Amino acid sequence: LNRRLAEFGTTIFAEMSALATATGSINLGQGFPDTDGPESVREAAVRALRDGRGNQYPPGPGVPELRTAIAAHQERRYGITLDPDAEVLVTAGATEAIAASLLALVEPGDEVIAFEPYYDSYAASIALAGGTRVPVTLRPDGAAFRLDLDELRAAVTPRTRLLLINTPHNPTGTVLTRAELTAVAELAVERDLLVVTDEVYEHLTYGDAEHIPLATLPGMRERTVTISSSGKTFSFTGWKVGWVTSTPELVSAVRSAKQFLTYVSAGPFQYAIAEALALPDSYFDDFRADMTAKRDLLTAGLRDAGFTVFEPAGTYFVTTDIRPLDPAGDGFAFCRELPERCGVVAIPNAVFYDDRAAGAPFVRFAFCKRESVLTEAVGRLKRR
Ligand code: PMP
Ligand code: GLN
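Residues numbered from 1 in each chain as written. Chains lettered and ligands numbered in written order. Predicted model: local features only at pLDDT ≥ 70, side-chain atom pairs only at ≥ 80, totals over all residues.

Peer 1: Tell me about the packing of helix 4 (residues 93-105) against helix 9 (residues 248-261), residues and numbers included.
Peer 2: Two numbers describe how helix 4 lies on helix 9: the axes approach to 8 Å, and their chain directions differ by 115 degrees. Where helix 4 crosses over helix 9, the two elements pack in a sense that is right-handed. For the pair formed by helix 4 and helix 9, the contact residues are Glu-96, Ala-99, Ala-100, Ser-101, Leu-103, Ala-104 and Leu-105 on the first element and Ala-253, Val-254, Ser-256, Ala-257, Lys-258 and Leu-261 on the second. Counted by class, the contact of helix 4 with helix 9 contains 9 nonpolar, 2 polar and 2 charged residues. (Axes fitted to C-alpha atoms, helices over the stretch in contact; angles between N-to-C directions. Helix = DSSP H or I, 4+ residues; strand = E, 2+ residues; numbered from the N terminus. Left-handed = near helix turned anticlockwise from the far one by under 90°. Contact = placed C-beta atoms within 7 Å. Nonpolar A, V, L, I, M, F, W, Y, C, P; charged D, E, K, R; others polar.)

Peer 1: Can you tell me about the domain arrangement of the protein, naming the residues and giving the values?
Peer 2: The domain boundaries assigned to the protein delineate domain 1 (12-37 + 282-383) and domain 2 (39-280). Taken over C-alpha atoms, the centre of domain 1 sits 24 Å from the centre of domain 2. Every contact between the two is made by 33 residues of domain 1 and, on the other side, 34 residues of domain 2. Broken down by secondary-structure element, the contributors of at least two residues to the side of domain 1 that touches domain 2 are helix 11 (281-304), strand 12 (317-321) and helix 13 (356-359). If one sorts the elements of the side of domain 1 that touches domain 2 by residue count, helix 11 sits on top with 8 residues. (Domains from an automatic or database assignment.)

Peer 1: So what's going on with the sheet that holds strand 14 (residues 347-348)? Residues and values would help.
Peer 2: Strand pairing within a sheet occurs via backbone hydrogen bonds; the two strands may be parallel or antiparallel. In spatial order, the strands read 11-12-15-14; together these 4 strands make up an open sheet with antiparallel pairing. Here the strands that pair on one side only, and so sit at the sheet edges, are strand 11 (308-310) and strand 14. The pairing of strand 12 with strand 15 (residues 362-366) spans 5 bridges and is antiparallel. Considered in strand 15, the bridge of Phe-317 is made with Ala-366. Across the sheet, helix 11 touches strand 11, strand 12 and strand 15, and the angle it forms with strand 12 is around 10 degrees. (Pairing = 2+ DSSP bridges.)

Peer 1: Describe helix 2 (residues 39-50), listing the residues and the values that go with them.
Peer 2: For helix 2, spanning 12 residues, the distance from its first C-alpha to its last is 16 Å, which sits close to the expected 16 Å at 1.5 Å a residue. Its buried side turned inward, helix 2 meets helix 8 (230-234) and helix 10 (267-277). A positive phi of about 75 degrees marks Gly-52, the residue just after helix 2. (Expected span 1.5 Å × (residues − 1).)

Peer 1: I'd like a rundown of the sheet that holds strand 10 (residues 241-245), residues and numbers included.
Peer 2: Taken in spatial order, the 7 strands line up as 2-10-9-8-7-3-4 in an open sheet, and their pairing is mixed. Strands at the two margins of the open sheet, each flanked by one partner only, are strand 2 (88-92) and strand 4 (132-137). Put simply, the sheet's adjacent strands are angled 25 degrees from each other on average, direction ignored. Its contacts with the sheet place helix 9 against strand 2, strand 9 (224-229) and strand 10, and it is angled at close to 25 degrees to strand 2.

Quick look at the structure:
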């Protein structure tokens with residue numbers, strides 16, 4: 001293994017899902033739903049396969065039907081107008097979109113600022129691109145983890161190339177407010193930075209929280225690369241259909257990298273996701289309502305079980321502080337013991353930090369599971 005990757009090892013998700021299987025535990029670790037997405041969308045994939053649509057290499061940027069549907073979704077939901085031929089690129093999930101964006105836009109030695117805790121592929125993708133990761137830590141501030149705008153400003157140096165942001169944020173569940181995003185945008189304009197924004201949880205916000213795409217803020221359209229994925233929105237994480245939207249120049253740059261990573265993304269699923277994106281608003285509303293009920297069930301249960309809970313405003317994750325249960329606050333040890341103690345798997349947030357001590361007491365649980373599964377998990381955690 002080369003020096004760029006040596007520090008990374010196996011992803012925590014593979015490790016913890018293997019542990020869940022080996023111990024027969026309830027897996028609230030890796031974020032994937034235990035109920036597949038809409039039947040009509042599965043049927044659309046089967047139809048595409050049968051009709052021979054996408055069984056051979058599809059066009060490099062993605063099939064036109066999907067690019068048009070992505071552009072229409074951005075217009076309908078956010079008022080962002082995109083040229084589907086020049087400003088949309090289909091990728092193999094958001095993971096490839098993140099890697100291809102960094103490989104295309106970062107020169108060796110460039111600094112990339114990312115929020116910490118960060119989704120684990122960010123650090124590895126920055127490293128693959130030869131960039132230097134500069135974390136800015138989101139810290140508990142009352143009921144939620146928040147960005148310290150002064151810390152963000154102070155992290156920018158003449159070598160900063162881009163900001164890699166994520167809202168709604170995995171693993172904390174924080175949704176950046178318009179005021180926070182405006183400050184990020186002003187900083188990007190002032191320091192002439194690109195921003196890559198990971199918005200895969202765009203449809204999962206709760207209560208008053210609202211997802212605001214960074215690209216809608218003044219001055220940002222021309223410097224923002226927006227990433228999303230059908231895995232989270234339509235509960236097909238195994239299909240790996242994601243996308244990038246940006247200016248023609250930036251999309252073309254990202255495509256230059258994508259063509260040598262996967263060349264193109266799998267064909268038939270693209271046709272199916274084109275249909276999914278055209279589902280009526282009621283689909284998105286019902287999905288959010290369902291996930292809200294799951295969030296409420298798990299957060300209440302975790303509180304009853306003694307955890308300090310940071311109520312998520314978005315995503316399908318809840319971050320907890322284990323110190324009321326384990327004064328040592330060692331999330332790694334806690335998660336390693338949890339399957340044996342009570343048959344539940346969770347993720348130690350420390351893996352998402354450079355400053356592991358800062359992340360040590362936090363543990364993440366996923367609530368994208370059937371209510372019966374969440375209820376059983378809560379019962380086990382209470383008996384822990
Ligand atoms: N970004 C974030 C913040 C995620 O949580 C995930 C998936 N867990 C991804 C990207 C990857 O998405 P995909 O499965 O579409 O590659
Ligand atoms: N994004 C999901 C999570 O955070 C899992 C992604 C993965 O397994 N790579 O749990």
